[in-house]
Amino acid sequence: MRFAPAAAALSLALVMTSSVSVGQERDPDPRAGMLIAEGQAAMRAGDTQAAIDAYEAALAVDPGYTPIFLHLAEAARADELQGKAIRYYREALERDPNNLSAIAGEGEALAEKGAIERARLNLAKVQSLCGDSCPETRELAAAIAAAPHKPVMTAEASVEPQPQAN
């Protein structure tokens, strides 16, 4: 019982130290950094599959480096795979809930997919975090404005009646 206060103080100090180190930005593993650069070059060249391959290899080398998920999401969006991009953005958001690039990117992918109301929720979150003048807010607002505004139909509403056999 004599050591309980000291143990509590020590555990509190360790928790505070570890929580501070988790939120800090860090550089990727050098090998992962090279693969990320290779993926970015492939994206600039228009070869999204080579970019995805490089980013996935970088993720295998350094699975704790969150920005790789943002690169994978951008490559998926370039291939018009918005659902896959949203999954990558959400993985980045699980690791860093206030990542403006991930919130805005997810909103843009949602808008491209036609989920305008959910994209507007992301816009509101980005606006609350950085205001109306930050680039993420402007890009997401432009993506929402440019998105197709067609109503989402349920499967039941789009089924055509089958002819009756007499």
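Residues numbered from 1 in each chain as written. Predicted model: local features only at pLDDT ≥ 70, side-chain atom pairs only at ≥ 80, totals over all residues. Heavy atoms only, no water.

Thoughts on the side chain of E106
Summarising the element assignment, E106 is placed in helix α6 (residues 100-113). The exposure class assigned to E106 is buried, which follows from its relative accessible area of 7%. With near-sequence residues (within four places) excluded, E106 lies in contact with I86, Y89, R90, L93 and N122. (Helix = DSSP H or I, 4+ residues; strand = E, 2+ residues; numbered from the N terminus. Buried < 20%, exposed > 50% of the residue type's maximum accessible area, 1.4 Å probe, protein only. Contact = heavy atoms within 4.5 Å.)

Quick notes on the confidence of the model for the chain
The predicted model of the chain averages 82 in pLDDT, with 75% of residues at 70 or higher. Per-element averaging of pLDDT across the chain places helix α1 (residues 4-22) at the bottom with 47 and helix α4 (residues 67-78) at the top with 95. Within the model, the stretch residues 12-23 combines pLDDT values under 50 with zero contacts to residues more than four positions away or in other chains. (pLDDT = per-residue confidence, 0-100.)

Brief notes about the state of the cysteines
Overall, the coordinates contain one disulfide when judged by the stated rule. Disulfide partner of C130: C134, at an S-S distance of 1.9 Å. Accessibility expressed as a relative area gives 25% for C130, which makes it partly exposed. Accessibility expressed as a relative area gives 10% for C134, which makes it buried. (Disulfide = S-S within 2.5 Å.)

Comments concerning the nonpolar core
Ranked by internal contacts, the top residues of the largest apolar core, which has 37 residues, are Y55, I68, L72, Y89 and I144. Listed by contribution, the elements that provide at least two residues to this core are α2 (30-45), α3 (48-61), α4, α5 (82-95), α6, α7 (116-130) and α8 (135-146). No other element matches the seven residues that α4 contributes to this core. Every residue in contact with L72, bar those within four places of it in the chain, is listed here: I52, Y55, E56, L59 and Y88. (Core = buried A, V, L, I, M, F, W, Y, C linked by side-chain atoms within 4.5 Å.)

Some words on α7
For α7, built from 15 residues, the straight-helix expectation of 21 Å at 1.5 Å per residue is met to within 8% by its first-to-last C-alpha distance of 21 Å. Taken together, the buried residues of α7 touch α6 and α8. Looking one or two residues beyond α7, the residue adopting positive phi is G131, at roughly 90°. (Expected span 1.5 Å × (residues − 1).)

With respect to the packing of aromatic side chains
Under the criterion given, the structure shown has zero aromatic pairs. R87 extends its terminal NZ or CZ atom over the ring of Y88, reaching a point 5.0 Å from the ring centre. (Phe/Tyr/Trp six-rings, centres within 6.5 Å; stacked < 30°, edge-to-face > 60°. Lys NZ or Arg CZ within 6 Å of the ring centre and 35° of its normal.)

Focus: the environment of Q82
Within the element layout of this structure, Q82 appears in helix α5. When the C-alpha atoms of Q82 and L110 are compared, they prove to be 7.2 Å apart, with 28 residues separating the residues in sequence. Apart from the residues lying within four places of it in its own chain, the contact partners of Q82 are R77, A109, E112 and K113. In terms of polar contacts, Q82 uses its side chain to reach the side chain of E112, at 2.9 Å. (Polar contact = N/O pair within 3.5 Å; in protein donor to acceptor, adjacent residues only side chain to side chain.)

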